Amino acid sequence: MALEERPRSCLLRFRHKLEEDIKPSYLMDHMISDGVMTVDEEEKIRSQPTRKEQAVALLELLLRKDNRAYISFYNALVKETYDDLANLLHDDLPYVLPDAHKSSSDGYTPYVQAMLSEGGVPQRPVVFVSRPELVNRVREKLYRLQKDPGWVTVFGMAGSGKSILAAEAVRHQGLIEECFPGGIHWLSIGQLDKPDLLVKIQSLCFRLEQSLDSQSLHRPPNSLDEAKERLRFLMLRRYPRALLILDDIWDSTVLKTFDIHCRILLTTRNRSLTDSVSGAKYEVEVESGLDENKALEILALYTDTKLHGLPEEARSIVRECKGSPLVVSLIGALLKEKPNRWRYYLSQLQQKQFKRIRKSSSYDYDALDQAMAASIEVLPEDHQELYKDFTVLEQDIKVPAKVLSVLWDLEPEEVEDILEEFVNKSLLFVDSHNKPYLYYLHDLQLDFLVEQNRTQLESLHTKVVHQYQQHYRDGPPISGDEECLYWIRFLTYHMAKANLCQELYSLMFSLDWVSIKSKIMGPAHLINDYVEYGPILDKENSEVRSQFQEFLSLNGHQLEQRPFPDVVQLALSQPHTSEVYRQALLQAQDRASRGKLYFDWLNKNSVESLSRLVIHPHQGSIYSACFSHDGTKIASCGASRTLKVFKSTSGEKLTEIQAHDDEVLCCAFSPDDRLLATCSSDRKVKVWNVERAMLLRVFEEEHEEQVNHCQFTNTARRLLLATCSNDKFMNLWNLNKPSSQNTMFGHFEPVNHCCFSPDDSYVSTSSNDGTVKVTASSANEWKTISVRDVFAEGDEEVLVKCSTWTADGKRIICAARNAALIRTNRLSMVQFCHACPTSNLLAIAYSNYAVELWDLEANKKMADCSGHLSWVQRVQFSPDGSQLLSCSDDQTVRVRLTHSRADKHYCAMTGLNQALIKNNVCVFQVRDGRTGSVLFQSEEKSSRIRCTCMCRQASAVVLGQEDGTVQVLEVPSGKLLATLPGHTKTVLHCKFSQNGQTLITSSEDTTIRVWRWQSGECQVLQGHKEQVRCFSLLSSSPADTRLLSWSFDGTVKMWDTESGEKLQDIRAHRGAILSCHVSPDGCLFATTSADMTAKLWHSESWECVHAFKGHQDCVRSCRFSWDSRRLATGDDNGEIRLWNVKDGSLLKICSREGKDGMDSLHGGWVTDLHFSPDDSLLVSTGGYIKWWDVEKGEALQTFYPTGTALKRIHVSSDFSTFVTIDSIGILYILQRVA
């Protein structure tokens, strides 16, 4: 049968690329194994003199062959990691009928081989015996997933062959075509902590997205919740009929991460794991051992003997092996090399000389121990020592040969030969899906090594560390390959196990290590190290450990950004007393001497801390914490299955209860604080007496899945308890009745959260179906809010995490994706939100460990409350709104003060002469321009202050207010010098003349006023039709009285400030004019507009010299270079363009390298620009501050403020000091490090 037209066309289309890249000798081995190529054909191709000519000959041969050859060639590309080339051929893979060209009688065809290779399903072991009865039972269960999602659990004791059985079950074309045409995807899990699990899911998501178009690629999810949502979307929308195989699951909490309504096959030792997840469930039990005939078959295959030709000792050996496939394979590998030692190895098994220190109740280790000992014994003596080194591996970790090459100080080729010997003796396993190959031990083999070498563990780990230090004495590996990943991930583990405390201190108290590890692996692993090895580090210096930990908690979200931030610059924002800052300053000074830019935040010590209390109440993640209604107590619960109550002032423990049989997901106080309700993954709801720690009620019949949330009514007038569950229902409980009073129906997916309105009239429920339902307490549905409609721009699922009511009960805020009613500028997922019961504040917890306070009225962020080291699960305000509680997977509960931010809605402008004025709602401050210390603070004004300016000559400051009032005050006394009424709307801009005698103001009332402020005389400049946000004197000369003004009406006007005469008036743009700047030589001025253009004008003729086009958003800012030869423009997408003033050509586009991890290139609008005196550097503000190389258009440094939306930056004349203020009122005085 000839090759079909589609694959033929595909080969011809991509022929050139294939000929350029492939190495035919590697690929032909696979094709010969598949039976699609003869040895003679291979020899003919190999006879070609060059690799290119061999490739040409191979493709010529392929075009003459059939579909099977095309599929085999594709599989060979996959196996040899030509992934880009394989992707070119994938879409045109021909269809092979189930009964055509089977490579085995059960449907294991090239099509199946391709499908399983792509999904990472392990290959059959070298010696394989089928277990058809078990395989068919697994397949029968898998067929039940044909129409609906669900779980198939293959469970059995360690070493019973569960993984091989699972892989074999899916080697069937009929099963794949009928049930899982979307693919089979294998994930090895084992005993993972959360950061490692996140890495696994990131890799799976990347693998799934790579098979789609390039537009489907996203940045890696940075939390388990985000990863779960990404995987849910991919499996439900892009791969709806795919099978996910989870191999070796130990923990129900891990399994819950995959509870995403898809088709899953899992292997485990724990039969009850799936009790914690939702959906249809099917089980297959694997007997602890092979039956006698199958075990004998393995021995026959190893020894190349017919079954009936096995010696009589064979049956005795099988009996001693207890049918364990692993033990039988170990003995078989020994007999393969020494086929005359049947009696000897039988006697070895019967000796039982090994005694385990820790016996497992579920498995008899004796046979394994004897087989392992016998297998190791036949190794050359030097190889026995090398094999012992595997003792240091963590369970389920695979290592490349290069790591062992460092450890053994041998050439990689020699290491590979030794490893092949171990694999052939079944002492080691190889993952050949990866290139390079990865090697690993079975859990039971590792257990054996640990038991046998328990007294040498410390020295073995010491050897690893010393070999690493010797090999990498010039610096750690940074390549990002498998070898590098191993060392960066596990070096701290080996140091801790070797008890090399000094080495561990030096490594983890090093800013260089922080930078390298967070760049290669992300911050999650790094933060986990400080938590895990905290007790060791504290012996050296607990204060330094906490300083590094605090630095990571505050900057973890920055360390996830790409391009990767400069860790030294981030660390310069730490307190002056911190070791992190000390190291950063030394490195900054050293690099600055070589021309690198760094900036020290001089006044950071003046920024107040909101942190009040940090408590570590539980071992394991904390899923919920809540204030009592009187604010004196805090209750918390989590993965430890316990409920704890402690004082909110001191953290003193009051009560501890072993509350449930599984993780406790939520706790809530009753209105009178006498009762506490808890709910759990064990499907139960319990009510406790707080004071006596006594269980009062258990509700366990009605919810069929885990109960996610519980809340009492806010008043005791009609006490009810609401609970919601993965079973899609919300129940209302009357504590005096044994069953629920009402069950709320209507959601189609799990219900995550329930919440009573302030007056208890309604209860809101939030669900994975993308809706919030508001229901009257009488159980009649009142309204459905479709939250998913807000996110209409994509087809991803919208999971609503929670909802909260505002204090007046008129609004509901819900959390979904990266929004909580208000859209935030973070890409991180919103985990939880809570509205303050006494103000307009909203607390938002993000997946990147951050907590933020937002003003609901102003739709503006008010404060960053960073500090947690892992995912924040809940936030809650105290009843009086003065404190904020948060709990996290980092095992802590944090209490923060909120009043210091709630009262200060800073809108702030800065003044001149190094004294700086900072405004909040109705108060202004004068601060020292170098230290940031407050020199003077005014009394509260009756109207909000919108603009300020200081007079260079007189010690005076002007305040422009929202009611149109202009006031001039003496500083620092605060004495009122003048009140200047006249404007009818908000004053937007103000400026003193050079001599300080004249004051100019502009307003929303469309006018400009020129004041002789000491006498009160006023000249009104009228003509603009919309608000005048800014103006500029045409030159700094006192003799030049010309004023340039621009407005949202699209016009630019020139005025004589002495006479009030309008000198020029042009309509410059079709849209609002957003900025204007006069060139230093006074010859030109530039305007920018919302019409996405910038224009250059001649100051005398007022002719348009150039129109600059190319921005894709509003052009927000502009600035001439000091030599007037360049113009910089910045837009609302964060892009900065540099233009040639003379000919209007585009010189450079800054920020072209990609997004900085925010919604725009600059983290927000580009609001201000300044050139250095020599025009070599440019500073810009937006969501953060960036410094640029003008010639190259490359970013040189970035400073990330705590808040966002920087509006202006004041720059010293020597370009060494920079002053700005962020959206939450924090002042930054930055000085260049010399």
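For every chain, the first residue of the written sequence is number 1, and numbering continues from 1 onward in sequence order. Given that the model is predicted, a residue must reach a pLDDT of at least 70 before its local features are reported, and side-chain atom pairs must reach 80 or more before they are shown or counted; all residues, however, enter totals for whole chains, interfaces and linings. Side-chain metrics in this entry use all non-hydrogen atoms of the structure; hydrogen atoms and water are not considered.

Taking an unreviewed UniProt entry as the reference, the chain is identified by name as Apoptotic protease-activating factor 1 belonging to Sparus aurata. Its UniProt record gives the chain a comment under Function (unreviewed entry), which states: "Oligomeric Apaf-1 mediates the cytochrome c-dependent autocatalytic activation of pro-caspase-9 (Apaf-3), leading to the activation of caspase-3 and apoptosis. This activation requires ATP." UniProt positions are given in the numbering used here, feature names are shortened, and annotations may be inferred rather than shown by experiment. Regarding the chain, the UniProt comment filed under Subcellular location (unreviewed entry) reads as follows: "Cytoplasm".

**Section: the confidence of the model for the chain**
Here the chain shows a mean pLDDT of 86. Residues at 70 or above account for 92%. Taken element by element, the predicted model of the chain shows its lowest mean pLDDT in strand S38 (residues 915–919) (37) and its highest in strand S61 (residues 1168–1171) (97). Every residue in residues 97–106 scores below 50 in pLDDT, and together they form 16 contacts with partners more than four places removed in sequence or on other chains. Every residue in residues 900–920 scores below 50 in pLDDT, and together they form 79 contacts with partners more than four places removed in sequence or on other chains. pLDDT: the predictor's confidence for each residue, scored from 0 to 100. Where helices and strands are cited, they refer to DSSP runs of H or I of at least four residues and of E of at least two residues respectively, numbered from the N terminus. Residue contacts are defined here by distance: any two heavy atoms, one from each residue, within 4.5 Å place the two residues in contact.

**Brief notes about the UniProt feature "domain: CARD" (unreviewed entry) in the chain**
Within this numbering scheme, the UniProt entry marks residues 3–92 as carrying the feature "domain: CARD" (unreviewed entry). Helix makes up 77% of residues 3–92 and strand 0%, whereas the separation of the span's terminal C-alpha atoms amounts to 11 Å.

**Quick word on the pairing of strand S4 (residues 263–268)**
Burial status follows relative accessibility: with a 1.4 Å probe on protein chains alone, a residue under 20% of its type maximum counts as buried, one over 50% as exposed, and anything between as partly exposed. The buried fraction of S4 amounts to six of the six residues, a majority that puts the element mostly inside the structure. Neither face of S4 is open: one carries Arg263, Leu265 and Thr267, the other Ile264, Leu266 and Thr268, and all of them are buried. Summarising the sheet, strand S1 (residues 150–155) and S4 pair through six bridges and their orientation is parallel. When the bridges of S4 are listed, Val154 appears paired with Thr267. Between any two strands, pairing holds if DSSP finds at least two bridges. As paired elements, strand S3 (residues 243–249) and S4 share five bridges and run parallel to each other. Bridge assignment links Leu243 to a residue of S4, and that residue is Arg263.

**Considering the environment of His261**
Structurally, His261 can be placed in the loop between helix H14 (252–257) and S4. Looking at His261, the relative accessible area reads 43%, which means it is partly exposed. Considering only alpha carbons, one finds His261 and Asp148, 113 residues apart in sequence, at a separation of 9.0 Å. With residues near it in sequence (within four places) discarded, His261 still touches Pro149 and Leu236.

**Topic: the sheet that holds strand S46 (residues 998–1003)**
Pairing is antiparallel in the open sheet, where four strands are placed in the order S45-S46-S47-S48. Edge positions in the sheet fall to strand S45 (987–992) and strand S48 (1017–1021), since each of these pairs with one other strand and no more. For this sheet, the mean inter-axis angle between neighbouring strands, taken without regard to orientation, is 20°. In terms of strand pairing, S45 meets S46 through five bridges, oriented antiparallel. Each bridged residue has a counterpart across the sheet, and for Val987 the counterpart in S46 is Ser1003. Axis geometry follows a simple rule: fit a line to the C-alpha atoms, using only the stretch in contact for helices, then measure angles between N-to-C directions, giving values from 0 to 180 degrees.

**A few points about empty space enclosed by the protein**
The definitions used throughout rest on a 1 Å grid laid over the protein atoms alone, on which a cavity is an enclosed set of points accommodating a 1.4 Å probe that cannot get out and a pocket is an open set flanked by protein within 12 Å on both sides along at least five of seven lines; lining residues are those having an atom within 4 Å of a point. Grid points are joined across faces, edges and corners, and a volume is the space filled by probe spheres set on the points. Inspection of every chain in the model, using the stated rule, returns three cavities of 30 Å³ or more. Considering only enclosed or pocket space, the largest cavity measures out at about 50 Å³ in volume. Looking at the lining of the largest cavity, the elements that each hand over two or more residues are helix H21 (401–408) and helix H25 (482–497). Under the grouping applied here, Gly and all other residues not named as nonpolar or charged are polar, the nonpolar ones being Ala, Val, Leu, Ile, Met, Phe, Trp, Tyr, Cys and Pro and the charged ones Asp, Glu, Lys and Arg. Here the lining of the largest cavity is built from residues that sort into nine nonpolar, one polar and no charged.

**Here we look at the domain arrangement of the chain**
Start and end points for every domain follow an automatic or database-based domain assignment. Each assigned domain of the chain is listed here: domain 1 (5–90), domain 2 (110–211 + 219–288) and domain 3 (501–596). One C-alpha centre belongs to domain 1, the other to domain 2; they are set 31 Å apart. Residue-level contacts link eight residues of domain 1 with eight residues of domain 2. A combined buried area of about 680 Å² lies between domain 1 and domain 2, and 50% of that area is made up of carbon and sulfur atoms. Buried area is calculated as the accessible area (1.4 Å probe) missing from two parts once they are joined, with the contributions of both summed. When the buried surface of domain 1 facing domain 2 is broken down by residue, Ile71, Asn75 and Lys79 rank first, second and third, together holding 48% of it. By salt bridge we mean one thing: a side-chain nitrogen of Lys or Arg within 4 Å of a carboxyl oxygen of Asp or Glu. Taken together, the connections running from domain 1 to domain 2 amount to zero salt bridges. Any pair of nitrogen or oxygen atoms within 3.5 Å is treated as a polar contact; in protein, a donor-acceptor pairing is required on top of that, and neighbouring residues in sequence qualify only through side-chain atoms on both sides. Summed over the shared surface of domain 1 and domain 2, the number is two residue pairs in polar contact (both at pLDDT 80 or more).

**Structural notes on the environment of Leu266**
Relative to the helices and strands, Leu266 resides in strand S4. Exposure remark for Leu266: the relative accessible area of 0% places this residue in the buried category. Distance in space between the C-alpha atoms of Leu266 and Asp84 is 30 Å, their sequence separation being 182 residues. For Leu266, the contacting residues outside a window of four places in its chain are Trp151, Val152, Thr153, Val154, Leu246, Ile249, Leu255 and Thr274.

**With respect to the pattern of salt bridges**
Going through the model one piece at a time under the given rule, you end up with 51 salt bridges. The shortest N-O distance in the salt bridge between Asp672 and Arg674 comes to 3.9 Å. When its relative accessible area of 41% is taken as the criterion, Asp672 is described as partly exposed. Look at Arg674 and you get exposed, because its relative accessible area is 57%. In this structure, Arg1137 and Glu1135 form a salt bridge, with 2.8 Å as the shortest nitrogen-oxygen distance.

**Section: the UniProt feature "repeat: WD" (unreviewed entry) in the chain**
The positions UniProt marks with the feature "repeat: WD" (unreviewed entry) are residues 657–698, 744–774, 865–895, 980–1021, 1021–1065, 1066–1107 and 1108–1149. The span residues 980–1021 is 0% helix and 55% strand, and its two end C-alpha atoms sit 16 Å from each other. With 0% helix and 55% strand, residues 1066–1107 has its two end C-alpha atoms placed 15 Å apart.

**Let's talk about the pairing of S1**
For a regular strand, side chains alternate in direction, first toward one face of the sheet and then toward the other. Taking burial as the measure, the six residues of S1 include six buried ones, the bulk of the element. By the alternation rule, side chains of S1 split into Gly150, Val152 and Val154 and Trp151, Thr153 and Phe155, which are all buried. Bridge analysis of S1 against strand S5 (residues 280–285) gives six bridges, and the strand direction is parallel. Pairing of Phe155 across the sheet is with Glu285, part of S5.

**Regarding the packing of aromatic side chains**
Only Phe, Tyr and Trp rings are paired, with Trp represented by its six-membered ring, and only when their centres lie within 6.5 Å; those with planes under 30 degrees apart are stacked, over 60 edge-to-face, the remainder tilted. Tallied over the entire structure, the rule returns 28 aromatic pairs. Measuring from centroid to centroid gives 6.2 Å for Tyr530 and Phe548, while their planes differ by 10°, and the two rings are stacked. Of the two residues, Tyr530 is situated in helix H28 (residues 523–532) and Phe548 in helix H29 (residues 534–555); the sequence distance between them amounts to 18 residues. For Phe548, a relative accessible area of 0% gives the class buried. Each ring is checked for a lysine NZ or an arginine CZ that lies within 6 Å of its centre and within 35 degrees of its normal; such an atom marks a charge sitting over the ring. One residue, Arg341, lies across the ring of Tyr344, its end atom 5.6 Å from the ring centre.

**Considerations on the side chain of His1024**
Along the chain, His1024 turns up in the loop between S48 and strand S49 (1030–1033). Taking the relative accessible area as the measure of exposure, His1024 reaches 5% and is therefore buried. Separated by 3.1 Å, the side chains of His1024 and Thr1051 make a polar contact. When residues no more than four places from it in sequence are discounted, the contact partners of His1024 are Thr1006, Ile1008, Ser1045, Trp1046, Ser1047, Asp1049, Thr1051, Lys1053 and Trp1055.

**Regarding unusual backbone geometry**
Despite not being glycine, Arg683 shows a phi value in the positive range, around 75°. Inspection of the secondary structure assignment puts Arg683 in the loop between strand S16 (675–680) and strand S17 (685–689). Unlike most non-glycine residues, Phe1215 shows phi in positive territory, near 60°. Topologically, Phe1215 is positioned in the loop between strand S65 (1209–1211) and strand S66 (1217–1221). A residue is classified by how much of its surface remains accessible, and Phe1215, at 5% relative accessible area, is buried.

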